Amino acid sequence: MDLGTPYLPKGPLQAYRARASFCWQELALFLEGEDVLRLKKAIFSALENDPLFARPHGEDLSLEKYRELNFLRCKRAMEYNLLPVESIVANPLLVQTLITCLGMYDWSLAIKLHLHMLVTIYSSGSERHLKYLPKIFNMEIFGCFAVTELSHGSNAKAIRTTAHYDPTTEEFIIHSPDFEAAKFWIGNMGKTATHAVVFAQLYTPGGQCHGLHAFMVQIRNPKTLLPMPGVMVGDMGKKLGLNGMDNGFAMFHKVRVPRQDLLNRTGDVTPEGTYVTPFKDDRQRFGATLGTLSIGRVVIMGMSTANLKLAVSIALRFSATRCQFGPSDVEEVPVLEYQMQQWRLLPYLAAAYALDHFSKSLFLDLAELQQGLMGADQSTRQAELGREIHALASAGKPLASWITQRGIAEDMAIWPVGFEACDGFLSIALLLTRVFANKVLLEHGHTHSFMNFLWPCLHDNQGGARFESPLKTVDFLEAYPDILGQRFTCPSVNSCLDSSVPLAAYEWLVCYLLRESYQKFNQEKRSGSNDFEARNNSQVYYCRPLALAFLELTVVRKFHEYTHQRSVPPPLRAVLGRLGALYALWSLSQHTALLYQGGYFAGEQAGKMIQSAILDLCSQLKDDAVALVDVIAPPDFVLDSPIGRADGELYKNLWTAVLLESKVLERPSWWSEFSVNKPHVGSLKSKL
């Protein structure tokens, strides 16, 4: 059965492929499934065989031309109908697959298409909004997602755009009170979007505010692309990257939209102006809303993981073919044989696998939330599920971004000259600025959100879970007092080569930081600080590491459970177990100081065991590295890297890529400035 796994040509990489302990096609089938592999084949085949997607090597497109080309490619992707609606319903992961595959080619294209699809209609709307779907798929309208404002983004409760309901006309009046409430940095809004899912504070007659809700608002005339009355909409201009995307801004001056254009899954307004909701209180409704808003963070987790896959694929294929030095002057060995190279790269390969599984599972959890919101009788569970997804996505987005940022930097450092010649990789490097910006999330308001999720799990500061989370990520806290009494007791390095050891250590670390952060918060309160000050003063050494440790624990546990289930084919169990253990121990090792500080580690042997276990796992995974890359790497056309091609012909491919660049053998157009027009040294001294 042809499931679309790419053909791997013979070449220098064959030596490592022959030493692999597993069949890479079998692993790809286990991890992805038939539906995903078929979709990947269809997407990559369309991209490679359609001239519209040809790589413009050596050609620097203007901003206007790049945006035009990206829009044409977006239209072409819609014409291929790669993902029909019925397929999305049957397997929601296909949505993430489509975004990721297009993103590996060009994130401008993937994001433009994703935002156009207006996924919020699926998560926040109801049957009355299904009328928009044919118009979306036929491109009669073009969409964007407008939450962020000039002065607010992550703090969704503080969004200032308003939507007052007028019962006399059964319309909402969308209004921006001032320029700081302008929707800002919105993808697709700059030049192409005709409709926006606008988030605004909903007011009913009498002035009562019911919090943040989403509205379908037309911002341009689809026939002319000119702004609608009352809408000021514009473009943000050129950016450091993703310039195929037209990020924009908009202000609304008393723009009226029909009552039915309120996306009403979490709340609605009757024709008379009465607000109705299936949730028993505002906290539950906002929890469900937070969950649906998490789609962006979950998608960005997938984006970061995809970029990490590209980076480690290039770096490991390069390392398996780049030979330097060796045991004798005659024999040179691939740099992948060096322990330092293994230690620098293989943990990021393991991280790519673990984070990929976590982002997929969280995407499915989000799909469950969206489907569950259709049933009002499940509102309590859906609110709790929304809060849990929001907490995990708030920490998962920066964690995945940080790991990817460090991984790309590490991969680029192994041979900078090679990466400079790699056009495909440069597009990833340009995203580092966006990746770096994600650090704000965990260092400010989202740490507070995470504490709102974790601290209630403590009762009277003694432990015991106060509620059972729908995703069971905090169920282990029922044993909170017992876990705090545990200590590291691993008898040998070999006994550490399984993710169960770091899992136990992570559970202790989370309990320890939970206790310490809560005590720090109460200490600040006793010193006279208000809630905001107390939380703010508890972030750096308490709440921030707690959020990271908890999310890392969740990633490790999810991957451990997935790779230790009975359905795992026996030939794959060893390599998957090593990947999970390496990611877990490598991540845990970055908390060594806290493990010693809290008393979980004692004596130098504990730290040395973790270090030795990491190096042992790297050595064990070294021969599997190329095959593991073959599972996650896209075809050469998409990877677009002369030093990362599947044939492993490193030097031939790099030499060819350089010679094919435009005008590489020509003299510069300004040659006469050197050859003819010599400087008159000192001629301008009198003008100083």
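Residues numbered from 1 in each chain as written. Predicted model: local features only at pLDDT ≥ 70, side-chain atom pairs only at ≥ 80, totals over all residues. Heavy atoms only, no water.

An unreviewed UniProt entry lists the chain under the name Acyl-coenzyme A oxidase, with Ursus maritimus given as the organism. As its UniProt record puts it under Cofactor (unreviewed entry), the chain is described as follows: "FAD". (UniProt positions renumbered as here; feature names shortened; annotations may be inferred.)

Draft legend 1. Geometry of the overall build of the chain. On a plain count of helices and strands, the chain comes out with 29 helices and 12 strands. Here the chain, with 688 residues, has 56% of them falling under the buried criterion. Pairs at least 24 apart in sequence give 75% of the contacts found in the chain among residues at least 6 apart. Carbon and sulfur atoms form 54% of the exposed surface of the chain, whose accessible area is close to 29,800 Å². (Helix = DSSP H or I, 4+ residues; strand = E, 2+ residues; numbered from the N terminus. Buried < 20%, exposed > 50% of the residue type's maximum accessible area, 1.4 Å probe, protein only. Contact = heavy atoms within 4.5 Å. Areas by Shrake-Rupley, 256 points an atom, 1.4 Å probe, with all protein chains shown as cover.)

Draft legend 2. Up close: the pattern of salt bridges. One pass over the full model with this rule turns up 30 salt bridges. Between Lys 40 and Glu 32 there is a salt bridge, with its nearest N and O atoms 2.5 Å apart. Comparing Lys 40 with Glu 32 shows no difference in burial state: the two are buried. Note that Glu 171 and Arg 256 form a salt bridge whose closest N and O atoms lie 3.0 Å from each other. Pair noted here: Glu 171 is in strand S3 (residues 171–175) and Arg 256 is in strand S9 (residues 255–258), with a separation of 85 residues, a long-range link. On the basis of relative accessible area, Glu 171 is assigned to the partly exposed category, the value being 22%. (Salt bridge = Lys/Arg side-chain N within 4 Å of Asp/Glu carboxyl O.)

Draft legend 3. Inspection of the packing of helix H6 (residues 93–105) against helix H7 (residues 107–116) at higher detail. Two numbers describe how H6 lies on H7: the axes approach to 6 Å, and their chain directions differ by 145°. Contacts between H6 and H7 pair Leu 98, Ile 99, Thr 100, Leu 102, Gly 103, Met 104 and Tyr 105 from the former with Trp 107, Leu 109, Ala 110, Leu 113 and His 114 from the latter. Among the residues making up the contact of H6 with H7, the classes are represented as 9 nonpolar, 3 polar and no charged. (Axes fitted to C-alpha atoms, helices over the stretch in contact; angles between N-to-C directions. Nonpolar A, V, L, I, M, F, W, Y, C, P; charged D, E, K, R; others polar.)

Draft legend 4. Quick peek at unusual backbone geometry. Positive phi is not limited to glycine here, since Met 139 has a value of about 60°. Counting through the fold element by element, Met 139 comes out in the loop between helix H9 (132–137) and strand S1 (143–146).

Draft legend 5. Geometry of the UniProt feature "binding site: FAD" (unreviewed entry) in the chain. UniProt's entry tags Thr 148 and Gly 187 with the feature "binding site: FAD" (unreviewed entry), counted in the numbering of this structure. Sequence-wise these annotated residues cover 40 residues; spatially they are packed, their C-alpha atoms never more than 10.5 Å apart. Summarising the element assignment, Thr 148 is placed in the loop between S1 and strand S2 (162–166). Each residue touching Thr 148, except ones within four places of it in the same chain, is listed here: Gly 153, Ala 182, Lys 183, Phe 184 and Ile 186.

Draft legend 6. The arrangement of the nonpolar core in detail. Counting residues in each nonpolar core, the largest one holds 179 residues, and the members touching the most others are Leu 27, Leu 349, Tyr 353, Phe 488 and Tyr 583. When residues of this core are sorted by domain, at least three fall in each of domain 1 (144–264) and domain 2 (444–625). Not counting the four nearest positions on each side in its chain, Tyr 583 is found in contact with Ala 350, Ala 351, Ala 354, Leu 355, Leu 399, Ile 403, Glu 552, Val 555 and Val 556. Cys 144, Leu 202, Ala 250 and Leu 262 belong to the second largest nonpolar core, which has 25 residues in total. (Core = buried A, V, L, I, M, F, W, Y, C linked by side-chain atoms within 4.5 Å. Domains from an automatic or database assignment.)

Draft legend 7. Looking closely at the packing of aromatic side chains. Applying the stated rule across the entire model yields 15 aromatic pairs. Centre to centre, the rings of Tyr 105 and Phe 637 are 6.0 Å apart; their planes meet at 20°, and the pair counts as stacked. Highlighted residues: Tyr 105 in helix H6 and Phe 637 in helix H27 (residues 636–639), separated in sequence by 532 residues. Taking the centre distance of 5.0 Å and the plane angle of 55° together, the rings of Tyr 165 and Phe 172 count as tilted. The exposure class assigned to Phe 172 is buried, which follows from its relative accessible area of 0%. Ring-pair connections join several aromatic residues into one group, and the members of that group are Phe 488, Trp 508, Tyr 512, Tyr 596, Tyr 600 and Phe 601. One Lys or Arg, Lys 678, reaches over the ring of Phe 674 and ends 4.1 Å from the middle of that ring. (Phe/Tyr/Trp six-rings, centres within 6.5 Å; stacked < 30°, edge-to-face > 60°. Lys NZ or Arg CZ within 6 Å of the ring centre and 35° of its normal.)

Draft legend 8. Inspection of the packing of helix H22 (residues 539–563) against helix H23 (residues 570–589) at higher detail. Orientation of H22 relative to H23, taken along the N-to-C sense of each, is 170°, at an axis distance of 10 Å. Compared by their axis directions, H22 and H23 come out roughly antiparallel. The hand of the H22/H23 crossing is left-handed. Where H22 approaches H23, its residues Glu 552, Val 555, Val 556, Phe 559 and Thr 563 are matched on the opposing element by Leu 576, Leu 579, Gly 580, Tyr 583, Ala 584 and Ser 587. (Parallel < 35°, antiparallel > 145°, perpendicular 65-115°, else oblique. Left-handed = near helix turned anticlockwise from the far one by under 90°.)

Draft legend 9. Inspection of helix H28 (residues 650–660) at higher detail. Residues Leu 650, Asn 653 and Leu 654 constitute the buried set of H28. In a view along the axis of H28, the buried residues occupy a sector of 95°, so they form one face of it. More than 90 degrees from the buried face of H28, the exposed residues found are Lys 652, Trp 655 and Leu 660. In the core, the buried residues of H28 are packed alongside helix H11 (295–321). (Arc of directions from axis to C-beta.)

Draft legend 10. Geometry of the sheet that holds strand S8 (residues 248–252). Read from one edge of the open sheet, 3 strands run S4-S8-S7, paired in antiparallel fashion. Strands with a single pairing partner mark the edges of an open sheet, and in this sheet they are strand S4 (183–186) and strand S7 (231–235). Averaged over neighbouring strand pairs, the angle between their axes works out to 15° when direction is ignored. (Pairing = 2+ DSSP bridges.)

Draft legend 11. Structural view of the side chain of Glu 32. Relative to the helices and strands, Glu 32 resides in helix H2 (residues 24–32). Owing to a relative accessible area of 16%, Glu 32 belongs among the buried residues under this scheme. Separated by 2.5 Å, the side chains of Glu 32 and Lys 40 make a polar contact. Within the structure, Glu 32 has its side chain in polar contact with the side chain of Lys 360 (distance 2.8 Å). (Polar contact = N/O pair within 3.5 Å; in protein donor to acceptor, adjacent residues only side chain to side chain.)

Draft legend 12. Spatial organisation of the pairing of strand S5 (residues 195–204). The element S5 is extensively covered by neighbouring structure, given that 9 of its 10 residues are classed as buried. Relative to S5, S1 runs parallel, the two sharing 4 bridges. Counted as the bridge partner of Ala 146 is Val 198 from S5. Where S2 lies against S5, 3 bridges are found, and the strand directions are parallel. By the bridge assignment for S5, Thr 162 is matched with Gln 201. Where S5 lies against strand S6 (residues 208–218), 9 bridges are found, and the strand directions are antiparallel. Looking at S6, one finds that Gln 201 is bridged to Leu 212. The turn joining S5 and S6, which pair antiparallel and follow one another in sequence, is formed by 3 residues; a positive phi near 105° is taken by Gly 206.

Draft legend 13. Quick look at the pairing of S9. Only one face of S9 is buried: it carries Val 255 and Val 257, and the other face, with Arg 256 and Pro 258, is open. Pairing geometry for S3 and S9, over 4 bridges, is antiparallel. For Ile 173, the partnering residue across the bridge sits in S9 and is Arg 256.

Draft legend 14. Main features of the environment of Asp 630. By the secondary structure assignment, Asp 630 is in helix H26 (residues 625–632). Considered as a pair, Asp 630 and Arg 317 are 313 residues apart in the sequence and their alpha carbons are 9.4 Å apart. With residues near it in sequence (within four places) discarded, Asp 630 still touches Leu 8, Arg 17, Trp 24 and Arg 317.

Draft legend 15. Inspection of a nonpolar patch on the surface at higher detail. Taken together, the side chains of Trp 655, Leu 659, Val 664 and Leu 665 present a nonpolar region at the surface, about 460 Å² in accessible area. Checked against the element boundaries, Leu 659 lands in helix H28. (Patch = residues over 30% accessible without salt bridge, like charges linked within 9 Å, V, L, I, M, F, W, Y side chains within 5 Å.)

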